[in-house]
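Listed below, chain by chain, are the residues.
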Amino acid sequence: MVSPADSAVSLAVQTVSMLWAIPFTLMLLSIAVFPLALPGWWERNLNKFWIALVLGMPVLIYYLKRNPPVIFSTGEEFISFIILLASLYIVAGGILLTGDLQATPQTNVAMLAMGTMLASLIGTTGASLLMIRAVLKTNSERVHRVHTIVFFIFLVSNIGGALTPLGDPPLFVGYLEGVPFHWTLRLFPEWAAVSAGLLLLYFIWDTVMYSREPIAALELDRLRVQPLRLAGKYNFLFLLAIVLSVVFLKRPIRETAMVVTSALSLIVTPRELRQAHRFTYYPIIEVTVLFFGIFLTMIPALEIVRARAGYLGIREPWHFFWVSGGVSSFLDNTPTYLMFLNLARGLAMPREVAGVSHSVLRAISLGAVFMGANTYIGNAPNFMVRSVAEESGLKMPSFFGYMLYSAAVLIPIFVAVTLVFL
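So, how was this worked out
- Residues numbered from 1 in each chain as written.
- Predicted model: local features only at pLDDT ≥ 70, side-chain atom pairs only at ≥ 80, totals over all residues.
- Heavy atoms only, no water.
- Helix = DSSP H or I, 4+ residues; strand = E, 2+ residues; numbered from the N terminus.
- Buried < 20%, exposed > 50% of the residue type's maximum accessible area, 1.4 Å probe, protein only.
- Salt bridge = Lys/Arg side-chain N within 4 Å of Asp/Glu carboxyl O.
- Expected span 1.5 Å × (residues − 1).
- Arc of directions from axis to C-beta.
- Contact = heavy atoms within 4.5 Å.
- Axes fitted to C-alpha atoms, helices over the stretch in contact; angles between N-to-C directions.
- Parallel < 35°, antiparallel > 145°, perpendicular 65-115°, else oblique.
- Left-handed = near helix turned anticlockwise from the far one by under 90°.
- Nonpolar A, V, L, I, M, F, W, Y, C, P; charged D, E, K, R; others polar.
- Core = buried A, V, L, I, M, F, W, Y, C linked by side-chain atoms within 4.5 Å.

Draft legend 1. Quick peek at the environment of Val415. Mapped onto the secondary structure, Val415 falls in helix H19 (residues 399–421). The exposure class assigned to Val415 is partly exposed, which follows from its relative accessible area of 36%. Expressed as a C-alpha distance, the spacing of Val415 and Val150, which sit 265 residues apart in the sequence, is 20 Å.

Draft legend 2. The pattern of salt bridges, seen in detail. Following the criterion strictly, the structure yields nine salt bridges and no others. Close ionic contact of Asp206 with Arg142 constitutes a salt bridge, the shortest N to O distance being 3.0 Å. In this pair, Asp206 sits in helix H9 (residues 188–211) while Arg142 sits in the loop between helix H6 (105–138) and helix H7 (146–155), placing the two residues 64 residues apart along the sequence. Arg142 shares its class with Asp206; the two are buried.

Draft legend 3. Summary view of helix H11 (residues 235–248). In this model H11 runs 20 Å from its N-terminal to its C-terminal C-alpha over 14 residues, within 8% of the 20 Å that 1.5 Å per residue would give. Where H11 is concerned, the buried positions are Asn235, Phe238, Leu239, Ile242, Ser245 and Val246. Buried residues in H11, looked at end-on, bunch into an arc of 120°, giving them a common side. Among the exposed residues of H11, those oriented more than 90 degrees off its buried face are Leu237 and Phe248. Elements in contact with the buried residues of H11: helix H5 (68–92), H6, helix H8 (169–176) and helix H12 (253–268).

Draft legend 4. Region of the structure containing the environment of Arg386. Its location among the elements puts Arg386 in helix H18 (residues 380–391). Those residues in contact with Arg386 that sit more than four places away from it in its chain are Tyr376, Met396, Pro397 and Ser398.

Draft legend 5. Region of interest: the packing of H6 against H18. Two numbers describe how H6 lies on H18: the axes approach to 10 Å, and their chain directions differ by 20°. When the axes of H6 and H18 are compared, the pair comes out roughly parallel. In terms of crossing hand, the pair formed by H6 and H18 is right-handed. Seen from H6, the contacting residues are Thr124, Thr125, Ser128, Leu129, Ile132, Arg133 and Leu136; seen from H18, they are Pro381, Met384, Val385, Val388, Ala389 and Glu391. A breakdown of the residues in the contact of H6 with H18 according to their chemical character gives eight nonpolar, three polar and two charged.

Draft legend 6. Just the side chain of Ser365, in detail. In this structure, Ser365 sits in helix H17 (residues 358–370). Judged by its relative accessible area of 1%, Ser365 falls in the buried class.

Draft legend 7. Just the packing of H9 against H19, in detail. At their nearest, the axes of H9 and H19 sit 11 Å apart, and the two run at 145° to each other. Handedness of the crossing formed by H9 with H19: right-handed. Here Pro189, Glu190, Ala193, Val194, Leu198, Leu201 and Trp205 of H9 lie close against H19, whose contacting residues are Tyr405, Val409, Leu410, Ile413, Val417 and Phe421. Looking at the contact of H9 with H19 residue by residue, the classes come out as twelve nonpolar, no polar and one charged.

Draft legend 8. Here's a closer look at the nonpolar core. Ile149, Phe154, Leu198 and Phe320 are the most contacted members of the largest nonpolar core, which totals 119 residues. In terms of residues, this core owes the most to one element, H6, which gives 15 residues.

Draft legend 9. Broad picture of unusual backbone geometry. Note the cis peptide between Arg251 and Pro252, where omega equals 5°. Within the element layout of this structure, Pro252 appears in the loop between H11 and H12. Backbone geometry at Ala354 places phi at a positive 55°, although glycine is not the residue there. Tracing the backbone through its elements, the reader meets Ala354 in the loop between helix H16 (333–345) and H17.

In structure tokens form, the structure reads like this:
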């Protein structure tokens, strides 16, 4: 059944000018370019807000005059999206994992596997926030550890989140767009194969690097062992409440329940625990500001894509996997997912779920989630992990240095995914 908002969108699609794609393009270019060209200036969330406001206001005014239902529908999705991310971030920030295990390849694989599994339950941001400091502490005595953090970004900050709408932001937006909550479990074969392949490759790599560690470093690592300790365990109950809210409740009761849950987490979690976690609101404010601009400016861009879908030559599932994944590598994967979902809706193909075929939705979902790992800017947690690692004193690869890792490790795996699953 077509809603009034969807009908209004269909009418607008027929006449919207290509010029209205410019604000969205500039918004995404800002996210890609400013962190590299003006890192100090871009660090201030207020500057991000001005960029989002300047680029988003023309679209807001245009659609309020011409097609208000689209603005209201987009606003509801934006609020739901931000409340989910903020709730997961706040609750996960109340769980502190500390300790210093012996940094053997077996230990590291176990920690990466744990983070990968947690990512689909508490989100890639929440799992990265929970696990990264323990991984860094465990490996602090080792000389060769950059590859461990790179694989952490691959697995915990990206690929691990493919199984539920809670795992990665594009999948939650898909849920808001009509994809059933349980549908993403269909991605289990690809998730399991890619995760297992990466963990095996990491184990081999880390075993080689471990054999090259100085004797003094390995001895120090053995002497400084501390058991893992988990503080704030009651916050897992709050995480469960968020999951149940998303599965069983509808807007606005769902969002109200998540806000109440995160507020309770803030109340009952000691301030000292969050301080030990170095918890701040900066990352979630950054996401809110940027996605305010993205959600506004993408309205005409998505309509243009849907109207011209038949002319782009993207039809087969593997086309969607590589093109959506390639764009997600350099632009945030959430608007990329929406862009290609709308493109698929504009094609003449079976409409089995959310207006597209199962095979195409699978390809778009895998491309957006998996290939967000290709660069630091493909997914929000990537930069967060890099920042925490460098704050601990570890020199991480440059933007292009990281891409050498992803090109060597991930691209062959994605080729295999194409041949086996798509």
